[in-house]
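# Fold and contact review
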Amino acid sequence: MADPRLGGEWQAPTTGRRGRGTRPWLAVVVVLAVGVLAFGAFALGGGLHGAAEASASPSARIAASLPGEVTASAPAETAPAETAPAETTPGPSPSAVASGPLLPGLIAIVDASGALFTLDSNGGSRASYPAPGVAFGFPAWSPDGSHIAAVGQHETDSAIYVFKVRRSAGAATAPTVVYRSSDQPPFYVYWTPDSRQVSFLTQEPTELALRVAPVNGSTLLGGSDTASIVRRGAPLYFQWVNANRALLHVGGGADAFVGQVGPGGRAVGAPVDAKGLFRTANFSHDARYLAYATSDTATTGDVVVTASNGSTTRRLPAFGPAAMLFDPTGDSLATVVGDNPAAEALKLPVGPLRLVDPATGIVRTLVEGSVVGFFWAPDGKTIAALHVLGPGQGPAADVGDAPLAVARLPDPRTGATSDAPGSAVGLSFVDVSTGKVRSERVVQLGDPFISQLLPYFDQYALSHSLWSPDSTSIVLPLFDSSGAFHPAIIPADGSTDPRPFADGSRAFWSP
């Protein structure tokens, strides 16, 4: 039944695939998992973009990030030299590597010990990026593919390390350290579009701060370098519009700010009246359209898509939090948001995956049920969607007080099935133009993907790519039948089973 708030503006949705069960099992698990987010010895609570709480300890507050080109005015410091030993990191376990077609690009991987390295899609061309005593978080590729930046945790401090990418093994070069602090730790790295600066969020005593640092090594920033701060607040989300301008969503409720900022955090143009439940506001790739959410009540509102010239505005009723991302090559908006009042109680976006055409107002449902994350292919032709399994698609197990689906995975040697750790979700690859499912399967995910990336997939989708550059495959860290954790190549067309090729818990493809 159509929601009366639709009016005559939106056409009735059409369904592109059969429905899934709607029990938000994984959503409950993710909400609980976000409560404690561990990175090495540094614990961050509340989720990547959660609001900071004045009464909580600094290590229990966290959120997202936003940028703006900043030139630090503090005196330049010489980055301390990092000893870079010859490459000695062992290669991936032979049992974890499977042969297959060599896909374009390299994949940056962080293993269970926090070591950073790159491989091709067959596990070859290994190059390690050592920093003694440092455990790395999610690695972020520069848009031109020439460098990798990552937050590194040392026993005495946290820092942003930038490595020049090598295409083969050999002696490693020392990283450039662009920020270091023992009491204002950084997290979540997002490059500027020109690959010349890195934006990142730091945890301040009572809130969050977005900072931007040049990556040429001219300045080592620290927590006291206030000139590097674009804006403070919590939560914080952003999208780079160009190398000198970012679209920010800072704070919540009546005090929220949604708008563009330039160098130094200076506001550009009028702010957007966006008081709804959402994380990252989005411009389409050509900036013709802007998407955000507005609120009718504390838990209901609308997803809004408006033309930048003010010619059209579309509204889609939303129950609970919303996530939205534009086609990287066009103007279509993909969004996940609850479509009934039951979703109002959820803390994260859970609902059908729908596609909005801002020009015509037509809405198509690509995946029904409880989608908890989606990722556009670089060519904009396919979306990879993660959705909660329905009844009968996986036995239930209890983790604490939360039920979740647990897949029974076959042992490739014996054919016997056994319960694997982690959370089982459905993975569907959907053809955007037709709405048909190209392939689908059950995958077994675990931390840190479940607790750190998936709850804020719409922000990570702007800075970290799971897709291969040619849009044929994605990489996901999966559990195998023995409980081991490996990055695996998963083709969108379903032509082969997931192909593990390394040991590691975090993996992202180069541009």
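Look a little higher up for the structure.
Residues numbered from 1 in each chain as written. Predicted model: local features only at pLDDT ≥ 70, side-chain atom pairs only at ≥ 80, totals over all residues. Heavy atoms only, no water.

Assigned secondary structure in the protein chain consists of three helices and 37 strands. Going through the 511 residues of the protein chain one by one, you find that 57% of them count as buried. Considering only residue pairs separated by 6 or more positions, the protein chain has 55% of its internal contacts joining residues 24 or more positions apart. (Helix = DSSP H or I, 4+ residues; strand = E, 2+ residues; numbered from the N terminus. Buried < 20%, exposed > 50% of the residue type's maximum accessible area, 1.4 Å probe, protein only. Contact = heavy atoms within 4.5 Å.)

The element strand 23 (residues 313–326) is largely enclosed, with a buried count of twelve among its 14 residues. Pairing of strand 22 (residues 300–307) with strand 23, which is carried by seven bridges, proceeds in the antiparallel orientation. In the strand pairing of strand 23, Thr306 is matched with Thr313. Pairing of strand 23 with strand 24 (residues 333–338), which is carried by six bridges, proceeds in the antiparallel orientation. By the bridge assignment for strand 24, Ala322 is matched with Val337. Between strand 23 and the antiparallel strand that follows it, strand 24, lie six residues. (Pairing = 2+ DSSP bridges.)

Residues Leu353, Phe374, Leu386, Leu427, Leu445, Phe449 and Leu476 are the most contacted members of the largest nonpolar core, which totals 61 residues. Take this core: its biggest share by element is seven residues, from strand 26 (residues 363–376). Those residues in contact with Phe374, other than ones at most four positions away along the chain, are Ala323, Met324, Leu325, Ala334, Thr335, Val336, Leu353, Ile383, Ala384, Ala385 and Phe457. Leu247, Val303, Phe326 and Val363 belong to the second-largest nonpolar core, a separate cluster that totals 25 residues. (Core = buried A, V, L, I, M, F, W, Y, C linked by side-chain atoms within 4.5 Å.)

The element strand 27 (residues 382–387) is extensively covered by neighbouring structure, given that six of its six residues are classed as buried. Residues of strand 27 alternate between two faces, with Thr382, Ala384 and Leu386 on one and Ile383, Ala385 and His387 on the opposite face, all of them buried. Alignment of strand 26 against strand 27, held across five bridges, turns out to be antiparallel. Paired with Trp376 across the two strands is Ile383, which belongs to strand 27. Where strand 26 folds back onto strand 27 in an antiparallel hairpin, the turn is made up of five residues, including Gly380, whose phi is positive at roughly 75°. For strand 27 and strand 32 (residues 423–431), the ladder comprises six bridges, and the chain directions are antiparallel. Bridge pairing in strand 32 links Leu386 to Leu427.

Another aspect to go through is the sheet that holds strand 16 (residues 236–242). Strand order in the open sheet made by the four strands is 16-17-18-19, with antiparallel pairing throughout. Edge positions in the sheet fall to strand 16 and strand 19 (267–268), since each has one partner strand and no second. Of the pairings in the sheet, the one linking strand 17 (residues 245–250) to strand 18 (residues 257–261) comprises five bridges and is antiparallel in character. Following the sheet pairing, His249 is matched in strand 18 by Val258.

In this section: the side chain of Thr118. With respect to the helices, strands and loops of the structure, Thr118 is situated in strand 5 (residues 116–119). Given a relative accessible area of 0%, Thr118 falls into the buried group. Excluding its chain neighbours within four sequence positions, the residues that come into contact with Thr118 are Leu106, Ile107, Ala108, Ser125, Arg126, Ala127, Tyr129, Trp141, Ile148 and Arg166.

Within the fold, Gly310 resides in the loop between strand 22 and strand 23. The class of Gly310 is exposed, set by a relative accessible area of 55%. Here the alpha-carbon distance between Gly310 and Tyr289, two residues 21 residues apart in the chain, equals 9.3 Å.

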